[in-house]
Amino acid sequence: MDGRPVDNALFQRAASAKAVSRNLTADTGALRTALAESLQRVEQLAGELTQAREHIQNLETALATNRQIGTAIGILAVRRGLSPQEAFDVLRHTSQRSHRKLRELAEDVVTDGDIPIA
């Protein structure tokens, strides 16, 4: 026996193992790239979700504020015999003169029944 069949079989197995190793390395690189892209997309989606939640919170606050202002307008209109536009103008002018936010002033009107005397 001259050893050649065994050497050839070992050589073929070694070559095959190297090929598998190269394929695994290539596959690992592709997987790393795909994973990096996926993580980047997850981060992007997380940022979008945070923005959407903030937007929802802002809309909920605006809705509550709008209701509060509408209630204050109604209170002023009834108590002072004003139209809704006139009552809003009173709220707006008082807000500007007192350097207070309109929604804060409206909250006081709803609580106290009229514009607080400063």
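Below is a summary of the structure that appears in this document. (Residues numbered from 1 in each chain as written. Predicted model: local features only at pLDDT ≥ 70, side-chain atom pairs only at ≥ 80, totals over all residues. Heavy atoms only, no water.)

As a further point, take the packing of helix H2 (residues 84-98) against helix H3 (residues 102-112). Look at H2 against H3: their axes get within 9 Å of each other, and the N-to-C directions meet at 120°. Judged on the interaxial angle alone, H3 and H2 are oblique. Remark: the crossing between H2 and H3 carries right-handed chirality. Across the interface between the two elements, Phe 88, Leu 91, Arg 92, Thr 94 and Ser 95 from H2 touch Leu 102, Leu 105, Ala 106 and Val 109 from H3. (Axes fitted to C-alpha atoms, helices over the stretch in contact; angles between N-to-C directions. Helix = DSSP H or I, 4+ residues; strand = E, 2+ residues; numbered from the N terminus. Parallel < 35°, antiparallel > 145°, perpendicular 65-115°, else oblique. Left-handed = near helix turned anticlockwise from the far one by under 90°. Contact = heavy atoms within 4.5 Å.)

As a further point, take the side chain of Ser 95. Secondary-structure assignment places Ser 95 in helix H2. When neighbours within four sequence positions are excluded, Ser 95 is seen to be in contact with Arg 100, Lys 101, Leu 102 and Leu 105.

For soluble globular proteins, the rule of thumb is that nonpolar side chains tend to be buried together. Counting 12 residues, the largest nonpolar core is built from Ile 69, Ala 72, Ile 73, Leu 76, Ala 77, Ala 87, Leu 91, Leu 102, Leu 105, Ala 106, Val 109 and Ile 115. Looking at this core element by element, the count peaks at 5 residues for helix H1 (residues 4-80). Excluding residues that lie within four positions of it along the chain, Ala 106 makes contacts with Gln 68, Ile 69, Ala 72 and Leu 91. (Core = buried A, V, L, I, M, F, W, Y, C linked by side-chain atoms within 4.5 Å. Buried < 20%, exposed > 50% of the residue type's maximum accessible area, 1.4 Å probe, protein only.)

This paragraph deals with the pattern of salt bridges. A side chain with one charge can pair with a side chain of the opposite charge if their charged atoms come near. Enumeration according to the criterion identifies 3 salt bridges in this entry. Between Arg 80 and Asp 114 there is a salt bridge, with the nearest N and O atoms lying 3.0 Å from each other. Here Asp 114 lies in the segment after H3 and Arg 80 lies in helix H1, a separation of 34 residues in the sequence. Take Asp 114: its relative accessible area is 25%, and that puts it in the partly exposed class. A salt bridge links Asp 108 to Arg 100; its shortest N-O distance comes to 2.5 Å. On the basis of relative accessible area, Asp 108 is assigned to the partly exposed category, the value being 21%. A relative accessible area of 29% places Arg 100 in the partly exposed class. (Salt bridge = Lys/Arg side-chain N within 4 Å of Asp/Glu carboxyl O.)

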